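Overview (structure and organization)
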Amino acid sequence: MAKQSFFLLILATASSASSLLDEAYLAMRDGQHADAVRLFSQGLEITPTHQAARKDYAYLLMRLGNSRQAREQFRIITENDPEDAHALLEYAFLCHETGERRQARLIFDQIRYTSNDIHQQTADRAFLNIDQALETAIHRWQEALTKQPQADSIHEELARLLEERNEPLQAEKHYEEAFRLRPSKERFLLDIGRVRRWIGNHRESLVAYVAATHSNDIRTAEQAQEAIAGHEIGEDIQIAARSYRPTPVITPRPERSSETTALLMADRSFDRSFLPDALRYYESAYESDPQNSYIQLRLGLTHNLLGKDDAAYQWLSKARQSSDPLVAAEANRAWNNLRPAHTPYRLTVWALPMYSSRWQSGFAYGQAKMELNKQWFFRPYLSLRAATDGGSSRAPGPLSERAWTPAIGITSRPWHRIVFWAEGGGNIGNTQGPDARSGVIHTHGWGSQLNAESPGLYYLMENGLNYASRFSHNVLFSSQNRAGYTFGRWQLGGFFAVATDSLREYWGNYVEAGPSLRMRLPRLPANAFLNVEFVHGINYISRGNPRPAHYFDLRIGLWYAFTY
Amino acid sequence: MRLLISLLCACFPLFSAAAWPGILASVGLAPDAAELLIGDSEQSRNLGFGSTPATVTVRRIIDSRQPELEIYWSPEAVISHFTLPLDARVFARERWTEAPVMAGLKRDDRIYLWLAADPGPHGFERYPYLLQALLDMGITPPAHGVRLWAFFDSSYRLRADPDILASQWRRAGIAAIHVASWHFYEPQRERDRWLEKLIEACHRNAVLVYAWIELPHVSEQFWQDHPEWREKTALLGDAHLDWRKLMNLQNQDCVKEIQNGIDRLIQRFDWDGINLGELYFESLEGHSNPARFTPFNEDVRREFQKRAGVDPVELFRSHAGNAKMMRQFLDYRAELTLKIQKEWLGILSGLRKQLPHLDLVLTHVDDQFDSQMRDLLGADAKSVLPLLDQHDFIFLVEDPATVWHLGPSRYPEIAKRYEKLTDRKDRLAIDINIVERYQDVYPTRQQTGTELFQLVHLATQSFQRVALYFENSILAPDLALLPAAASPVKKWARTPDTLTVESSQDVLVRWKGPAKVNGKAWPLYDGEFIRLPAGVHAVQAGEAGPQILDINAEVIHAEITAQGILLEYKSRTRAIVRMSDKKIRVLPAGHHTVYLTVATS
């Protein structure tokens, strides 16, 4: 009896589904599209594996322009029959059309290796179209990142493209960096959670999601809640989630006051680089809460990005007094970047100790220069130079002045990468007497210079035209050129120099060329590097030269400079 | 505190229902069209709604009409877990507990809409689909607008049936679509055939079709074929920004080539007009983001260097003392934009010599409400508006992304500012962007439901023409009420046998069967609606006669005469008339009076 009832029930269900689907086809034929959609939907609920009817339904949805719904129908069709390559292809195209590009790329990739020729060719073309566009875009943003490594929006852009290109590990790295740079944008936690889940790192994925559930933004918090629904959240995950500290000083409040709303709007505008908007909102938030050091910090950063460095400096000076260590640290970092342009004086120190195999001696040169920091084209300075050497049996006398040279001088602002300078002073030490010098320096570099983010070719040219009273009022022109390849801390290439002077001295007229190596040494500051050159040189004026015109010289020097 | 405030919100129905008349008015409904019940009021208790001691914190709701739509309440609200009468129809529930938050009830011919918490101060903060719920309960708006424009990008719709799309658009009150024409810049047989079909289908449904041009983007193929003419950013990279691949419009060889291509594009298809969209430079981030800042092609650099003595690229290489020079560059850039806009308006106006019916539209970002646009994009509306005296075009104001989060009341404000700048108010139009907003906006990231209807409603009241960007982003639940939101009706008066309507533009008024208008037999009706011109008109029941089912023009006057239907109309492009004998009549652009006859079967 029970068996019969069951059989009858099945029969009744099948007949009801069939009748609904028949009606759907009739409605479709008569152009009653809304009815057809409703009837197909009802019929397929009863017979979900009716593949032919589902395909017709999907195509009807496509004709109606409901691509998303059509995509969902093709998803079900391909789940019911994963071998149906044609349906898979339709599904992939619909994914692409509806913005699910990652999924589309994956399916095209799958079809081009598993299907017959016709589908393979179509999938192959579609895959390459998507993939090449992604590759180009990734490359473009990677290049932009080398120029603006601290731009969270570029990290975000890259992360999204990498995610679409099925590179979750790289994507995770860039989402994390974007969040580190812009912790107020808590939505990044959802991205981090998603890619970690995709990689299979479930625990860390939950940590990010749980952190996002504490967001002040209800949308973010709820989306995170959706993502962790059904997962067991242990205490260890809760504790780890706390390490993802959200925006430093926006403490959660029961209701949004107007300044908090302004602040949120300001942060959102800042995040999207709509800087004039951000400025307006931060100023409004500041009016309501002038003691808030986070707002002061953001006002400083916004002014800075808008190129209003004077105002930025003032705001950052306030923010660096913050009791919140994170705010103070960030403000301090930005303030230090602006400080050189905002102090009354600027101190520059450089030093170059080196060894030369040609002279079998060590040398040391250096200068400390205190400059009046005004926006004038020419600025006065006080200078103290030092030059000494270890002496050499290969030279009749000292190889340098072996003296201190205090002087007073002026220097210009860079103009088309050219700096003019002149100074007058006197030597104290082994050499005595007045000392006047002046010169024009031109420096230009192309490609990946030392400290560049990415490896690449480089070229650096340094030209100088210098006058020195101490050398019989001689004027010396020199050009030093370096070219090669930069690999992170290393720079390997060639060195070429040429010099000539007004008095035609043998030492002032030479050509040198040879391999060169420059590298940043571990544990030393970024502006210190080791310089090694092995050159073959020719003094092309022999008058007064006691040594052979051709020479080889191995020079090893350590360059260090800083400005404060 | 948050709990207290939320409870207060839910417990003061009189205060919080203040937005209700505004909600109803956004689709032309009278304040008494339906009764609003909020939370636990005496009236709701009498109707069977009851609160329980259990409370629910609501942060997200699910509307059964569009379950996948993310609807968030910010701030969250704490409500009672209500019980509903058995005959109530639940429209929305809380996401986690499934507690009902919106339901409808019909008792004694009265329609009630019950909400667990108030709809918010503007009426759209919590329940986007209030008005759709009323539609489900049997309430229909009394009038439809017929003049909306919508942008259309075929990449999202290539496999949709053109006939179905066209009839859907017309039903949604859309009078013209602006087709992304760069996909058709180079001839390609299959694609071209699809567009031809689409244009034919649109014309059959009295929908006009404009070629939407988005210079300096020309086409994907053009970008590939002419690397030498690619625009550059301040970092001297190729200006491929978002989906647009920008070309150098300073280079006259490039301009000539594009001009020839556009000429061919316009000749190849049966367009009704051309929309020259967003012809300025990038980007909304201005010079603060050199990776997106244009133009830095060689022609621009050379010209600026000649003028100012500095290669503008240098402005991004050193920071000291650049402010003055940057100002000079930004001014130069705005001048250049104007020069290019003038040049292209001239070129496109020239096409009218061969195709005089073509309408011309210039889509231009607003820089009066958001005054940063001149520096960010080089866009300067104040300089462009005087061109309305030299060229006959519509100035379509696009509200910039920076103000998308502001409420609907921004449109009257934008209108006011532009009306001060030109006497040609009839040629001002507004473009509403219906897209996901970057700002944290609630309850939905994209405008839908009541928020969208209020936007369209206020924009219609403020401008002669409202465009929507774009047709595919309008969510399905909004299509039925969109034309009601675009209704230009100002006043209604109803007596037992006469309906008096005052309207600022042409309007469809819900009316069953034939009618007399101002005492004369009226030919413009389709059985469900009658079409009325702008002005005050008295409508009474009439007798069947020759019919015009639809017309895509401004009706000035119509009457049934012995010679046929006398129709006086105005149109900036060809007027399309759909007659009851299924014939389509295409009438010339301009202001004309014609007689139309209807074949009797």
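Thresholds, definitions, all that
Each chain has its residues counted from 1, running along the sequence as written. Starting at A for chains and at 1 for ligands, labels are handed out in the order in which the entities are written. Local features in this predicted model are restricted to residues of pLDDT 70 or higher, and side-chain atom pairs are both shown and tallied only at a pLDDT of 80 or more, whereas totals for entire chains, interfaces and linings draw on every residue. Only runs of H or I of at least four residues qualify as helices and only runs of E of at least two qualify as strands under DSSP, and these elements are numbered from the N terminus. Once C-beta atoms are placed from the backbone, any two residues with those atoms within 7 Å are in contact. Every radius of gyration here is taken over C-alpha atoms, with the globule rule written as 2.2 Å times N^0.38, N being the number of residues. Remark: C-beta atoms are placed from the backbone, and a residue is labelled buried if 20 or more other C-beta atoms sit within 10 Å of its own, exposed if 12 or fewer do, or partly exposed between those counts. Axis angles are defined between N-to-C directions and span 0 to 180 degrees, where every axis is a line fitted to C-alpha atoms and, for a helix, only to the segment in contact. Angular relationships are summarised with four words: roughly parallel below 35 degrees, roughly antiparallel beyond 145, roughly perpendicular across 65 to 115, and oblique for the angles in between. Each crossing gets its hand from how the near helix is turned against the far one by less than a right angle, where anticlockwise is left-handed and clockwise is right-handed. Among buried residues, those of type Ala, Val, Leu, Ile, Met, Phe, Trp, Tyr and Cys that are joined through C-beta atoms within 7 Å form a set called a nonpolar core. How sure the predictor is of each residue is captured by pLDDT, a score from 0 to 100. By this rule the span expected of a helix is its residue count minus one, scaled by 1.5 Å. Two strands are said to pair when DSSP picks up at least two bridges between them. Residues are sorted three ways: Asp, Glu, Lys and Arg are charged, Ala, Val, Leu, Ile, Met, Phe, Trp, Tyr, Cys and Pro are nonpolar, and all the rest, Gly among them, are polar. Our arc is simply the arc of the directions from the helix axis toward the C-beta atoms.

Our focus in this paragraph is the overall build of chain B. Check the secondary structure of chain B and you find 17 helices and 30 strands. Over its C-alpha atoms, taken along the principal directions, chain B stretches across nearly 80 × 75 × 45 Å. Relative to all contacts within chain B whose residues are 6 or more apart in sequence, the contacts with residues 24 or more apart total 70%.

Another point: the overall build of chain A. Along the backbone of chain A there are 18 helices and twelve strands. At 35 Å, chain A has a C-alpha radius of gyration far larger than the 24 Å of a compact globule built from 564 residues. Taken along the three principal axes of its C-alpha coordinates, chain A extends 125 × 65 × 45 Å. The 564 residues of chain A split such that 32% are buried. Put simply, of all contacts in chain A between residues at least 6 apart along the chain, 46% involve residues at least 24 apart.

Turning next to the packing of helix H3 (residues 51-63) of chain A against helix H4 (residues 67-80) of chain A. All names here are of chain A. It is the contact of H3 with H4, at a shortest axis distance of 8 Å, that shows an interaxial angle of 160°. It follows that H3 is roughly antiparallel to H4 by the angle criterion. Crossing handedness for the pair H3 and H4: left-handed. Of H4, the residues touching H3 (which contributes Gln51, Arg54, Lys55, Tyr57, Ala58, Leu61 and Met62) are Ser67, Gln69, Ala70, Gln73, Phe74, Ile76, Ile77 and Asn80.

Take the nonpolar core next. Counting 203 residues, the largest nonpolar core has Ala92 of chain A together with Ala150 of chain B as the members making the most contacts within it. With nine residues, the top contributor of residues to this core is helix H5 (residues 85-97) of chain A. Sequence-distant contacts of Ala92 of chain A, that is, excluding residues within four places in its chain, are made with Ala104, Ile107, Phe108, Ile111 and Ala126 of chain A. In this structure, Ala144, Val207, Ala227 and Ala241 of chain A belong to the second largest nonpolar core, which totals 30 residues.

All names here are of chain A. On average, residues of chain A carry a pLDDT of 84, and 90% of them reach 70 or more. Taken element by element, the predicted model of chain A shows its lowest mean pLDDT in helix H14 (residues 258-271) (65) and its highest in helix H10 (residues 187-199) (95). Counting interchain partners and residues more than four positions distant, the pLDDT-below-50 stretch residues 246-259 has 32 contacts.

It is worth spelling out H10 of chain A at this point. Residue and element names in this part refer to chain A. Taking 1.5 Å as the rise per residue, H10 with 13 residues should run 18 Å; its terminal C-alpha atoms sit 19 Å apart, in good agreement. Among all positions in H10, only Arg187, Phe188, Leu189, Leu190, Asp191, Ile192, Gly193, Arg194, Val195 and Arg196 are buried. Phi turns positive, to about 105°, at Gly200, one or two residues after H10.

Residue and element names in this part refer to chain A. What the twelve strands build is a closed barrel, ordered S1-S2-S3-S4-S5-S6-S7-S8-S9-S10-S11-S12; its pairing is antiparallel. Between one strand axis and the next, the sheet turns by 20° as a mean value, whatever way the strands run. Sheet topology note: the strand S2 (residues 361-372)/strand S3 (residues 378-389) ladder contains nine bridges and is antiparallel. If you follow Ala364 over to S3, its bridge partner there is Thr388.

In this section: the environment of Tyr210 of chain B. Within the fold, Tyr210 of chain B resides in strand S10 (residues 208-213). Look at Tyr210 of chain B and you get buried, because 25 C-beta atoms sit within 10 Å.

All names here are of chain A. The geometry of H5 relative to helix H7 (residues 117-147) is characterised by a closest axis approach of 11 Å and an angle of 20° between their N-to-C directions. The angle between H5 and H7 falls in the class roughly parallel. Considering the relative orientation of H5 and H7, their crossing is left-handed. Contacts from Ala85, His86, Leu89 and Ala92 in H5 reach His119, Thr122, Ala123 and Ala126 in H7. Classifying every residue of the contact of H5 with H7 by side-chain character gives five nonpolar, three polar and no charged.

All names here are of chain B. Burial analysis of strand S5 (residues 100-107) places six of its eight residues in the buried class, the great majority of the element. Relative to S5, strand S4 (residues 89-94) is paired through four bridges, and the arrangement is antiparallel. The residue bridging Ala92 from the neighbouring strand is Met102, located in S5. Following S4, the chain reverses through five residues before pairing antiparallel with S5; Glu98 in that reversal takes a positive phi of roughly 60°. Pairing of S5 with strand S6 (residues 110-115) involves six bridges; the strand directions are antiparallel. Looking at S6, one finds that Gly104 is bridged to Leu113. Taken together, S5 and the strand that follows it, S6, pair antiparallel across an intervening segment of two residues, in which Asp108 is found at a positive phi of about 50°.

Residue and element names in this part refer to chain A. Relative to the elements of secondary structure, Trp490 occurs in strand S9 (residues 490-501). Trp490 sits in the partly exposed class, given 14 other C-beta atoms within 10 Å. For the pair Trp490 and Leu530, spaced 40 residues apart in sequence, the C-alpha separation works out to 9.7 Å.

Residue and element names in this part refer to chain A. Looking at where Arg358 falls in the secondary structure, it is placed in the loop between strand S1 (345-356) and S2. By C-beta crowding, Arg358 is classed as partly exposed, having 16 other C-beta atoms within 10 Å. With 15 residues separating them in the primary sequence, Arg358 and Thr343 have C-alpha atoms 43 Å apart. Not counting residues within four places of it along the chain, the set of residues in contact with Arg358 comprises Tyr551 and Asp553.

Here the focus is the sheet that holds strand S29 (residues 584-587) of chain B. Residue and element names in this part refer to chain B. What the three strands build is an open sheet, ordered S25-S28-S29; its pairing is antiparallel. Each having just a single partner strand, strand S25 (548-551) and S29 make up the two edges of the open sheet. Adjacent strand axes in the sheet meet at a mean angle of 20° when their direction is disregarded. The pairing of S25 with strand S28 (residues 575-579) spans three bridges and is classified as antiparallel. Note on S28: the bridge partner recorded for Ile551 is Val577.

Of all residues except glycine, most have a negative phi; of all peptide bonds, most are trans. In this chain, Ser74 of chain B is followed by Pro75 of chain B through a cis amide linkage whose omega measures 5°. Within the element layout of this structure, Pro75 of chain B appears in strand S3 (residues 71-80). In this structure, the amide linkage connecting Tyr442 of chain B to the following residue, Pro443 of chain B, adopts the cis form with an omega of 10°. Its place among the elements puts Pro443 of chain B in the loop between strand S16 (428-433) and helix H15 (450-462). The phi dihedral of Arg417 of chain A falls on the positive side, at around 65°, and the residue is not glycine. By the element assignment, Arg417 of chain A lies in the loop between strand S4 (403-412) and strand S5 (418-429).

Attention shifts here to the confidence of the model for chain B. All names here are of chain B. Residues with a pLDDT of 70 or more make up 96% of chain B, whose mean pLDDT is 92. Note on residues 1-15: pLDDT is under 50 here. Beyond four places in sequence and across chains, it has 24 contacts. Here the predicted complex scores 0.72 on pTM and 0.86 on ipTM.

Glancing now at helix H7 (residues 189-204) of chain B. It helps to recall that an α-helix has 3.6 residues per turn; residues three or four apart then point in one direction. Residue and element names in this part refer to chain B. The first and last C-alpha atoms of H7 sit 22 Å apart over 16 residues, in line with the 22 Å expected at 1.5 Å per residue. Restricting attention to buried positions, one finds in H7 the residues Leu195, Leu198, Ile199, Cys202 and His203. End-on, the buried residues of H7 take up no more than an arc of 130°, which puts them together on one face. Counted as exposed and oriented over 90 degrees from the buried face of H7: Arg189, Glu190 and Arg193. Backbone geometry just after H7 places Ala206 at a positive phi near 60°.

The two faces of the sheet receive side chains in turn, since in a regular strand these alternate between them. Residues and elements named next belong to chain A. The antiparallel hairpin formed by S2 and S3 contains five residues in its connecting segment. Pairing of S3 with S4 involves ten bridges; the strand directions are antiparallel. Across the sheet, residue Phe378 finds its bridge partner in S4, namely Ser412.

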